[in-house]
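Below are the chains, spelled out letter by letter.
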Amino acid sequence: MTTSPDHLAKARAADSERRRSRVLKALDQLAANGEEISVSSVARAAGVHRSLIHRHNDLHAAVLARAAEPPTRAAVATQVSRQSLLADVANLTARNSRLSAHITRLERRLSEALGQAVWEASGLGAPADVETLTRRVAELEQQILDLRAELTERDEDLTAARTANRELMTQVNR
């Protein structure tokens, strides 16, 4: 069976026209549903490759023009915008962070309360006079500072005595 070049050209033209009509139909459906209109979304809905839309200037212009149009009232009423979804995500992320911080604070308070309860139940309990112990700790810390200062002073005296001893030994050896 031989096919004429004219027959092949007609088949090709018919196929091209079917794909073009699918693109236009998909464009109308996306606009009617209030969905996002882009070259990729129209090509996906029509079942064609994006290059078909880019190769045909009239199809490309129709997609860009329809994408620039404001959505219809019916589509706006039933469709949420991308910006509102992004705002919802940002709000939920911030709320999640706040709740996480709140849970952490509550866990810390619970841990402290349970620790105190166990401490008291063990019979050890907290010391009766915390103020006295705090004062005693402060006194001991001051005593440590005084002893360190005294030790430094004695080290300096020892160093001076050694230096004087060396000088005297040097004079005696002459």
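Going by the structure above, here's the rest.
Rules of the game
Residues numbered from 1 in each chain as written. Predicted model: local features only at pLDDT ≥ 70, side-chain atom pairs only at ≥ 80, totals over all residues. Heavy atoms only, no water. Helix = DSSP H or I, 4+ residues; strand = E, 2+ residues; numbered from the N terminus. Buried < 20%, exposed > 50% of the residue type's maximum accessible area, 1.4 Å probe, protein only. Contact = heavy atoms within 4.5 Å. Areas by Shrake-Rupley, 256 points an atom, 1.4 Å probe, with all protein chains shown as cover. Salt bridge = Lys/Arg side-chain N within 4 Å of Asp/Glu carboxyl O.

Engineer: Let's hear about the overall build of the protein: which residues, and what values?
Structural biologist: Looking only at helices and strands, one finds seven helices and zero strands in the protein. Starting at the N terminus and walking to the C terminus, you meet the elements of the protein as α-α-α-α-α-α-α. Viewed in the frame of its principal axes, the protein has a C-alpha envelope of about 130 × 65 × 40 Å. When burial is assessed residue by residue, the protein has 13% of its 174 residues classed as buried. Long-range pairs, those at least 24 residues apart, make up 48% of the contacts in the protein between residues at least 6 apart in sequence. By element, 57% of the accessible surface of the protein is carried by carbon and sulfur atoms, the whole surface being about 14300 Å².

Engineer: Which residues make up the environment of Lys10, and what values go with them?
Structural biologist: As for its placement among the helices and strands, Lys10 is situated in helix 1 (residues 5–33). Along the backbone, Lys10 and Ala117 are 107 residues apart, and their C-alpha atoms lie at a distance of 90 Å.

Engineer: Before we move on, can you summarise the pattern of salt bridges with the specific residues and values?
Structural biologist: The full count for this structure, using the stated rule, is eight salt bridges. For Arg19, the salt bridge identified is with Asp15, shortest N-O distance 3.5 Å. With Arg19 and Asp15 both in helix 1 and four residues apart, the pair spans about one turn of that helix. One salt bridge in this structure joins Glu69 and Arg66, with 3.9 Å as the shortest N-O distance. Judged by relative accessible area, which is 45%, Glu69 ranks as partly exposed. Residue Arg66 is classed as partly exposed on the basis of its relative accessible area, which comes to 24%. Ionic contacts of the salt-bridge type, sharing partners, join the residues Asp15, Arg18 and Arg19 into one network.

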